[in-house]
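# Overview (structure and organization)
The residues making up each chain are set out below.
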Amino acid sequence: MDAKIAQILDGKALATKIQGELGDRVRSMQTQIGRLPGLAVLMVGDNPASAAYVRNKERACAKVGIASFGKHYPANATQAELELAIHALNEDDRVDGILVQLPLPDHLDAISLLYQIAPDKDADGLHPINLGRLVRGEPGLRSCTPAGVMRLLQEYRIDLKGKNAVVLGRSILVGKPMALMLLEADCTVTVAHSRSQNLESITSQADILIAAVGRTEMITANMVKPGAVVIDVGINRVVNLDGTSRLAGDVDFDAVKTLADFITPVPGGIGPMTVAMLLENTVSSYIKTAEKIGKN
Ligand SMILES: NC(=O)c1ccc[n+]([C@@H]2O[C@H](COP(=O)([O-])OP(=O)(O)OC[C@H]3O[C@@H](n4cnc5c(N)ncnc54)[C@H](OP(=O)(O)O)[C@@H]3O)[C@@H](O)[C@H]2O)c1
Ligand SMILES: Nc1nc(=O)c2c([nH]1)NC[C@@H]1CN(c3ccc(C(=O)N[C@@H](CCC(=O)O)C(=O)O)cc3)CN21
């Protein structure tokens with residue numbers, strides 16, 4: 001009997017396709033609007049997952065034709081300094097999307113900063129207004145990583161209705177909005193976290209398993225139901241014995257791929273999809289602004 005191998009959900013390929021389409025949309029709107037779309041990213045200190053994000057994002061922005069207004073602050077930046085920067089970007093007509101890289105150093109209050117971003121420039125979908133719209137099922141800017149997961153599942157025509165979905169992780173950035181989007185798609189959703197008991201018995205019930213924990217390869221084969229769809233959101237930097245480093249997910253890919261039906265790789269899975277959704281949110285705010293100008 002041939003060993004079964006899961007089908008790879010190729011986030012990188014889909015992200016490239018989406019970016020191509022966004023580039024076409026930007027080119028067709030640019031003369032009418034008279035400027036390029038703009039995305040501003042505020043990063044404080046150095047976090048390896050954030051650094052990978054910034055790298056990929058800047059490359060993708062250049063490809064699509066989005067102007068980058070990034071600013072990298074030292075780890076001791078103050079709350080007031082960042083608030084001031086956000087207020088200036090809210091008023092800046094060249095900027096359609098604003099994103100504050102998370103996590104922030106402990107002395108900063110991320111929740112309060114997310115309140116400061118103008119909701120229609122909230123490219124990350126993390127402002128309370130946009131999270132509220134998600135809870136209520138209203139249209140609005142959606143959080144990029146869970147939106148990227150949903151788009152990838154849709155591309156491969158994975159049926160979600162009535163399926164048991166387990167989300168591991170309950171952050172505002174990933175776990176919570178992910179659970180809400182799966183619920184909106186008619187899954188039966190369980191959210192597990194660091195205080196959940198008997199994780200293995202929870203995850204082995206999952207038809208759709210989403211790992212968003214930040215623990216290298218913690219999802220082992222015994223935790224996965226045969227035939228499951230396994231989505232690995234984790235981006236962890238692992239240092240090899242020779243001192244070089246690589247990115248790894250939250251899932252033990254080599255073991256789990258022998259029993260799952262579908263699996264996302266790291267790199268090449270949800271990371272590029274997150275970037276694609278961020279650019280899509282930015283372009284959609286850009287087009288909305290243009291429509292407003294047209295109406296005046
Ligand atoms: N691919 C992408 O585009 C993308 C985007 C965003 C984040 N990420 C990556 O995804 C991972 C998660 O990100 P995040 O921002 O959600 O992280 P986070 O804010 O640190 O949240 C991690 C979640 O995992 C839970 N958790 C931690 N250890 C656990 C354990 N041993 N068993 C069960 N649950 C556990 C935590 O539980 P408690 O709530 O109880 O603490 C928390 O809810 C990170 O690796 C991050 O770099 C990737
Ligand atoms: N506000 C905010 N929103 C986010 O979505 C976000 C943060 N902060 N902070 C960091 C995490 C991590 N995120 C990431 C991390 C990596 C990629 C990414 O493109 N990864 C590529 C590999 C890049 C490389 O090799 O350097 C991949 O293929 O996974 C995307 C988003 C998004 N994240």
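As a reminder, the structure under discussion sits directly above these lines.
Below is a short write-up of the structure. Predicted model only: the values in this text are computed from it and were never measured. (Residues numbered from 1 in each chain as written. Chains lettered and ligands numbered in written order. Predicted model: local features only at pLDDT ≥ 70, side-chain atom pairs only at ≥ 80, totals over all residues. Heavy atoms only, no water.)

Here the focus is the environment of Asn281. Topologically, Asn281 is positioned in helix 10 (residues 270–295). Sequence spacing of Asn281 and Pro37 is 244 residues, and the spatial spacing of their C-alpha atoms is 11 Å. When residues no more than four places from it in sequence are discounted, the contact partners of Asn281 are Ala123, Leu141, Arg142 and Cys144. (Helix = DSSP H or I, 4+ residues; strand = E, 2+ residues; numbered from the N terminus. Contact = heavy atoms within 4.5 Å.)

The next thing to look at is the site of ligand 1. For ligand 1, the set of nearby residues contains 22 residues, the closest of which are Arg170, Ser171, Ser194, Val233 and Thr274. Between ligand 1 and the protein, one listed contact pairs an oxygen atom with a side-chain N or O atom of Arg170 at 2.7 Å. Between ligand 1 and the protein, one listed contact pairs an oxygen atom with a side-chain N or O atom of Thr274 at 2.6 Å. For ligand 1, whose free accessible area comes to 930 Å², the fraction covered by protein is 72%. Among the elements that take part in the shell around ligand 1, helix 10 stands out by supplying three residues, more than any other. (Near = heavy atom within 4 Å. Polar contact = N/O pair within 3.5 Å; in protein donor to acceptor, adjacent residues only side chain to side chain. Areas by Shrake-Rupley, 256 points an atom, 1.4 Å probe, with all protein chains shown as cover.)

The next subject is the packing of helix 1 (residues 11–33) against helix 2 (residues 48–64). Close contact between helix 1 and helix 2 brings their axes to 8 Å; oriented N to C, the two are set at 45°. Regarding the angle of helix 1 to helix 2, the classification is oblique. Contact with helix 1, carried on its side by Thr16, Gln19, Leu22, Gly23 and Val26, involves Ala60, Lys63 and Val64 of helix 2 and no other residues of that element. (Axes fitted to C-alpha atoms, helices over the stretch in contact; angles between N-to-C directions. Parallel < 35°, antiparallel > 145°, perpendicular 65-115°, else oblique.)

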